[in-house]
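# Overview (structure and organization)
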Amino acid sequence: MPKIVGMSGSKNWKTPIIGAIGLLSATAIGVAASASSSSQLRTSDVRTASRILDAHNQERDRLRLPRLKWNVHLEREAHRWAHELSRKGRLQHADHTARDGTGENLWMGTAGHWSPDMAVGRFIEEKKHYRHGSFPHISRTGNWADVAHYTQIVWRDTQEVGCAWVTARGNDILVCRYWPAGNVWGRKAY
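Fair warning: this is a prediction, and the values are worked out from it, not measured in the lab. (Residues numbered from 1 in each chain as written. Predicted model: local features only at pLDDT ≥ 70, side-chain atom pairs only at ≥ 80, totals over all residues. Heavy atoms only, no water.)

Per-chain confidence: the chain averages 82 in pLDDT, with 77% of residues scoring 70 or above. Confidence drops under a pLDDT of 50 for residues 5-43, and excluding neighbours within four residues, the segment shows 84 contacts in the predicted structure. (pLDDT = per-residue confidence, 0-100. Contact = heavy atoms within 4.5 Å.)

What follows is the structure, encoded as structure tokens:
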């Protein structure tokens, strides 16, 4: 069974400054074209990024929310943290200040048994417990952490995502960073 660590909500978050250079088109062509010049992704990494982005945007499309764009700066940050988690062998959110106030979703599963879009699908499955309300009163279970991955994905104000899929020590690890962060206290996801 994969491990999923809930996204930590924040009462106060600052807006990080992320340059337009880091933005990529939501299409696979945009990911491939931009990746070749700025992030030096291998072809398999471009496909992985495209699958992860598509999984996010399919759920946002279902709710008629603006599509997310891929951000290579967030991807690089997620990649560094995913490698750190692989060394630790456990999931743990990066310190809020270390991630510049961006949102973060984490997932871990047995290597080779999951695909990136399946991992994102696990985040989206949390919608079965979602109750539309103001954060943190958003879960039918009474625990906002039970739906926090899902609400980060569908947070209306979130515009960009960057994720990393790392395999190490017998595990696949997915780290996704979101800007602006979702799960803001007192606000609704959409």
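Further remarks concern unusual backbone geometry. Following Phe135, the chain continues to Pro136 via a peptide bond in cis, the omega torsion being 15°. The amide bond that connects Trp179 to the next residue, Pro180, takes the cis arrangement and shows omega of -15°. Relative to the elements of secondary structure, Pro180 occurs in the segment after strand 6 (171-179). Here the phi dihedral of Asp100 falls at roughly 55°; this positive angle occurs in a residue that is not glycine. Mapping Asp100 onto the fold places it in the loop between helix 3 (72-88) and strand 4 (103-110). The phi dihedral of Asn183 is positive, around 55°, even though this residue is not glycine. (Helix = DSSP H or I, 4+ residues; strand = E, 2+ residues; numbered from the N terminus.)

This part is about the pairing of strand 5 (residues 160-168). Sheet analysis places strand 3 (residues 69-71) next to strand 5, joined by two bridges and oriented parallel. Note on strand 5: the bridge partner recorded for Lys69 is Glu160. Bridge analysis of strand 5 against strand 6 gives nine bridges, and the strand direction is antiparallel. By the bridge assignment, Glu160 is partnered in strand 6 with Trp179. Hairpin connection of strand 5 to strand 6: two residues between the antiparallel strands, including Arg169 at a positive phi of 55°. (Pairing = 2+ DSSP bridges.)

It is worth spelling out the nonpolar core at this point. In terms of nonpolar packing, the biggest core is built from 29 residues, with Trp70, Val161 and Leu174 touching the most fellow members. For this core, the elements supplying multiple residues, two or more each, are helix 2 (43-62), helix 4 (116-124), helix 5 (148-154), strand 5 and strand 6. Ignoring anything within four residues of it in the chain, the contact list for Val161 reads Leu53, His56, Leu68, Lys69, Trp70, Asn71, Leu74, Cys176, Arg177 and Tyr178. Counting residues in hydrophobic clusters, the runner-up holds twelve residues, among them Ala82, Leu91, Val166 and Val175. (Core = buried A, V, L, I, M, F, W, Y, C linked by side-chain atoms within 4.5 Å. Buried < 20%, exposed > 50% of the residue type's maximum accessible area, 1.4 Å probe, protein only.)

Moving on, we get to the state of the cysteines. The tally for this structure, following the rule as stated, stands at one disulfide. In this model Cys163 forms its disulfide with Cys176; the gap between the sulfur atoms is 2.2 Å. Disulfide Cys163-Cys176: torsion about the S-S bond near 115°, hence right-handed. Highlighted residues: Cys163 in strand 5 and Cys176 in strand 6, separated in sequence by 13 residues. Accessibility classification places Cys163 together with Cys176 in one group, the buried group. (Disulfide = S-S within 2.5 Å.)

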